[in-house]
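Secondary and tertiary structure notes
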Amino acid sequence: MRVIVTGSRKLRNAQQVFDALWAVYHEHGAFQIIHGACATGADDLASYWYRVAGKELGCTERRWPASWEALGKAAGPERNKSMVNAGADLVLAFPLPEGSGTQMTIRLAREAGIEVKEFTP
């Protein structure tokens, strides 16, 4: 199972992200976590869960960093499109009101027929 985690870089609710990842594991077993490799927020929290729990459970991690130097401001949207276009079974979304990248990823995933579970603060 492939699971994209998307959310604001300002997200601080670690327990919300951890609970969502544990729920996926308990329902489906080991899975692949895919995230945008940001150093803060939802991506960082998903990566932390993988390092302290998921790896031992047989999960894998796919970091999908944006090409900021090559693409500038277009890097984030291009990364989000690329993650969704590569396919997933589920998107765990942790949007905050000011974030547009998470909203874009949610929209793209739904258009692609990927299930989205949205968690609000």
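Summary of the structure given here. (Residues numbered from 1 in each chain as written. Predicted model: local features only at pLDDT ≥ 70, side-chain atom pairs only at ≥ 80, totals over all residues. Heavy atoms only, no water.)

1. Remarks on helix H4 (residues 75-85)
Looking only at H4, the buried set comprises Ala75, Gly76, Arg79, Asn80, Met83 and Val84. The arc enclosing the buried residues of H4, seen along the axis, measures out at 160°, which places them on a common side. The inward-facing, buried residues of H4 abut strand S1 (2-7), strand S2 (32-35), helix H3 (68-71) and helix H5 (101-111). (Buried < 20%, exposed > 50% of the residue type's maximum accessible area, 1.4 Å probe, protein only. Helix = DSSP H or I, 4+ residues; strand = E, 2+ residues; numbered from the N terminus. Arc of directions from axis to C-beta. Contact = heavy atoms within 4.5 Å.)

2. Considerations on the sheet that holds strand S3 (residues 60-63)
Pairing is parallel in the open sheet, where 5 strands are placed in the order S3-S2-S1-S4-S5. Two strands in the sheet have a free side with no partner beyond their single neighbour: S3 and strand S5 (115-118). Each strand of the sheet is rotated relative to its neighbour by a mean of 25°, with strand direction disregarded. Alignment of S1 against strand S4 (residues 90-94), held across 5 bridges, turns out to be parallel. Following the sheet pairing, isoleucine 4 is matched in S4 by valine 91. The strands that helix H1 (residues 14-28) touches are S1, S2, S4 and S5; relative to S4, the one it contacts most, it runs at about 165°. (Pairing = 2+ DSSP bridges. Axes fitted to C-alpha atoms, helices over the stretch in contact; angles between N-to-C directions.)

Function-wise, these values are silent; they only describe arrangement.
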